[in-house]
Amino acid sequence: MLLNYETDTSKQIPILLEMGEDEYALVKAEESGDSDSILYVLITLINKLSIAEFFKSLKSNRPRTIALFLSKIAINDPKLTYDYYYQDDQVSQLALIELQKSFTDFSTTGNSDTMTREILEKRKLHLNKAAGLLERWKFTEFEGKIIKEQIKVFEEQYKLSKTHEGFGMDNILSPAEIIEILLKQGELKLATKLHTTLKVDEKLFYWKVAKEFSKNKQLHDILYEFARSKKSPIGYEPFFIETLKNGDRRQASLYVGLCTNLSHRQRIHMYLKCDDFRSAVDEAYKKKDVEYLDILGSVTDNTVIIRLTNEYKDKLKSSRLPF
């Protein structure tokens, strides 16, 4: 065959294509490693063959050819990309395309409310497709379930966008961000309900409540009632720290007694940070800590506190006397 005498692959390939040796031309191009030759064959074949026949020609082990097809040709044609992954049963790639669409396909018409609903429905459509694809394969089934949970998040965000500021559907909010915005707006009851619905971690939720409500002095009493309503999964030190950091020493002092996991001396130091000498002295007395009563009496000029420490020390000494 005279073609065998032509050593220049770039000259062999057009001849092979003219002879109808499409498969051989693609093999030659792949073996050469020359991107221009590969692209030449791909463009020729995509214009010559049906889509099904073209994709079939890519089925063999031709990583460079496929990579060039996706990065140079299909990249400008989303449908072609989708069709390729579909016929090749690349579930994860199909799901990724649907996810990308859920973030970008927001062209809408009509009034503001209609636009918001359209955005929501488009996101749900693409996310449901992505979830359905991932759930078909056991290795990505978990990711499919996660995406379905995200659809619930969008539903709640849409409801909130109707009644609250900061929840516009042009922003993609995580469950934690939704809770944080509600807490910034003082919506503790609604945030408490939604943190369960949206499966926000209980510890994270408590931290966010402590952080956001401690910033507003008018909400400090509500924060204290919340902290005491049931056992805190993060303890009570965060409530103390955040409230003290925001300048309310009186309120911060209320949390010290709840920190039963700490030693009494740690609680005494916490009281002192709040300038609550009376509570610090009471704590030392309850634990019969004469040493700390001496220290507390020596570090203050308050005559009432000094008198109280002496009274407590006398009581403790008398209680130790034998009868």
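Structure shown above.
The notes below deal with the structure included here. (Residues numbered from 1 in each chain as written. Predicted model: local features only at pLDDT ≥ 70, side-chain atom pairs only at ≥ 80, totals over all residues. Heavy atoms only, no water.)

**Brief notes about the overall build of the protein**
Part 1: Looking only at helices and strands, the protein has 19 helices and 0 strands in total.
Part 2: Relative to the compact-globule value of 20 Å for 323 residues, the protein shows a C-alpha radius of gyration of 35 Å, a clear excess of over 25%.
Part 3: Overall size of the protein, expressed as C-alpha extent along the three principal axes, is 125 × 50 × 35 Å.
Part 4: Within the span of the protein, comprising 323 residues, buried residues form 40% of the whole. (Helix = DSSP H or I, 4+ residues; strand = E, 2+ residues; numbered from the N terminus. Rg over C-alpha atoms; globule rule 2.2 N^0.38 Å. Buried < 20%, exposed > 50% of the residue type's maximum accessible area, 1.4 Å probe, protein only.)

**Let's talk about the nonpolar core**
Part 1: Formed by 48 residues in total, the largest nonpolar core has its most connected members in Ile-178, Phe-205 and Phe-239.
Part 2: Phe-55, Phe-69, Ala-130 and Ile-151 belong to the second largest nonpolar core, which has 38 residues in total. (Core = buried A, V, L, I, M, F, W, Y, C linked by side-chain atoms within 4.5 Å.)

**Observations regarding the pattern of salt bridges**
Part 1: Applying the stated rule across the entire model yields 24 salt bridges.
Part 2: Residue Arg-265 is joined to Asp-289 by a salt bridge in which the shortest nitrogen-to-oxygen separation is 2.8 Å. One end of the pair, Arg-265, is in helix 16 (residues 264-273); the other, Asp-289, is in the loop between helix 17 (277-286) and helix 18 (290-298), with 24 residues separating them in the sequence.
Part 3: When the shortest N-O distance is used, the salt bridge between Arg-265 and Glu-291 registers 3.1 Å. Pair noted here: Arg-265 is in helix 16 and Glu-291 is in helix 18, with a separation of 26 residues, a long-range link. (Salt bridge = Lys/Arg side-chain N within 4 Å of Asp/Glu carboxyl O.)

**A word on the environment of Ser-318**
Part 1: One can find Ser-318 in helix 19 (residues 303-320).
Part 2: According to the relative accessible area criterion, Ser-318 is partly exposed, its value standing at 40%.
Part 3: For Ser-318, the side chain forms a polar contact with the main-chain oxygen of Lys-315, separated by 2.9 Å. (Polar contact = N/O pair within 3.5 Å; in protein donor to acceptor, adjacent residues only side chain to side chain.)

**Regarding the environment of Ser-161**
Part 1: Of note, Ser-161 is situated in helix 9 (residues 141-163).
Part 2: A polar atom in the side chain of Ser-161 sits 2.5 Å from the backbone oxygen of Tyr-158.

**Side note on the packing of aromatic side chains**
Part 1: Under the counting rule described, the total for this entry stands at 15 aromatic pairs.
Part 2: Centre to centre, the rings of Phe-54 and Phe-55 are 6.0 Å apart; their planes meet at 50°, and the pair counts as tilted.
Part 3: Residue Phe-55 is classed as buried on the basis of its relative accessible area of 4%.
Part 4: Summarising the aromatic geometry, the rings of Phe-69 and Tyr-84 are spaced 5.5 Å apart at their centres and angled 65° between planes, so their arrangement reads as edge-to-face. One end of the pair, Phe-69, is in helix 5 (residues 63-73); the other, Tyr-84, is in helix 6 (residues 78-87), with 15 residues separating them in the sequence. Across the pair, exposure class does not vary: Phe-69 and Tyr-84 are buried alike.
Part 5: An aromatic cluster of at least three residues, connected via ring pairs, comprises Phe-205, Tyr-206, Tyr-224, Phe-226, Tyr-236, Phe-239 and Tyr-255. (Phe/Tyr/Trp six-rings, centres within 6.5 Å; stacked < 30°, edge-to-face > 60°.)

**Describing unusual backbone geometry**
Part 1: Look at Asp-275: it is not a glycine, yet its phi comes out positive at around 60°.
Part 2: The residue Asp-275 is located in the loop between helix 16 and helix 17 in this model.
Part 3: Since its relative accessible area comes to 46%, Asp-275 is described here as partly exposed.
Part 4: Located in the positive-phi region is Lys-288, a residue other than glycine, with phi close to 55°.
Part 5: Classification of Lys-288 by relative accessible area gives exposed; the value is 57%.

**As for the side chain of Glu-212**
Part 1: By secondary structure assignment, the location of Glu-212 is in helix 12 (residues 202-213).
Part 2: A polar contact of 3.4 Å, which involves the side chain of Glu-212, links it to the side chain of Lys-184.
Part 3: The contact partners of Glu-212, leaving out residues within four places of it in the chain, are Glu-180, Leu-183 and Lys-184. (Contact = heavy atoms within 4.5 Å.)

**Observations regarding helix 9**
Part 1: Look at helix 9: 35 Å from first C-alpha to last across 23 residues, which is about the 33 Å you get at 1.5 Å a residue.
Part 2: Residues of helix 9 that are buried include every one of Gly-144, Ile-147, Ile-151, Val-153, Phe-154, Glu-156, Gln-157, Tyr-158 and Leu-160, and no others. (Expected span 1.5 Å × (residues − 1).)

**Observations concerning the packing of helix 6 against helix 7 (residues 91-104)**
Axes are the key here: two packed helices are described by the angle between their axes and the distance separating the axes.
Part 1: Between helix 6 and helix 7, whose axes approach to 8 Å, the crossing angle comes to 150°. The pairing of helix 6 with helix 7 is recorded here as roughly antiparallel in orientation. Helix-helix and strand crossings are classified by hand; for helix 6 and helix 7 the assignment is left-handed. Taking contact as the criterion, the partners of Thr-81, Tyr-82, Tyr-85 and Tyr-86 in helix 6 are, on helix 7, Gln-93, Leu-94, Ile-97 and Glu-98. (Axes fitted to C-alpha atoms, helices over the stretch in contact; angles between N-to-C directions. Parallel < 35°, antiparallel > 145°, perpendicular 65-115°, else oblique. Left-handed = near helix turned anticlockwise from the far one by under 90°.)

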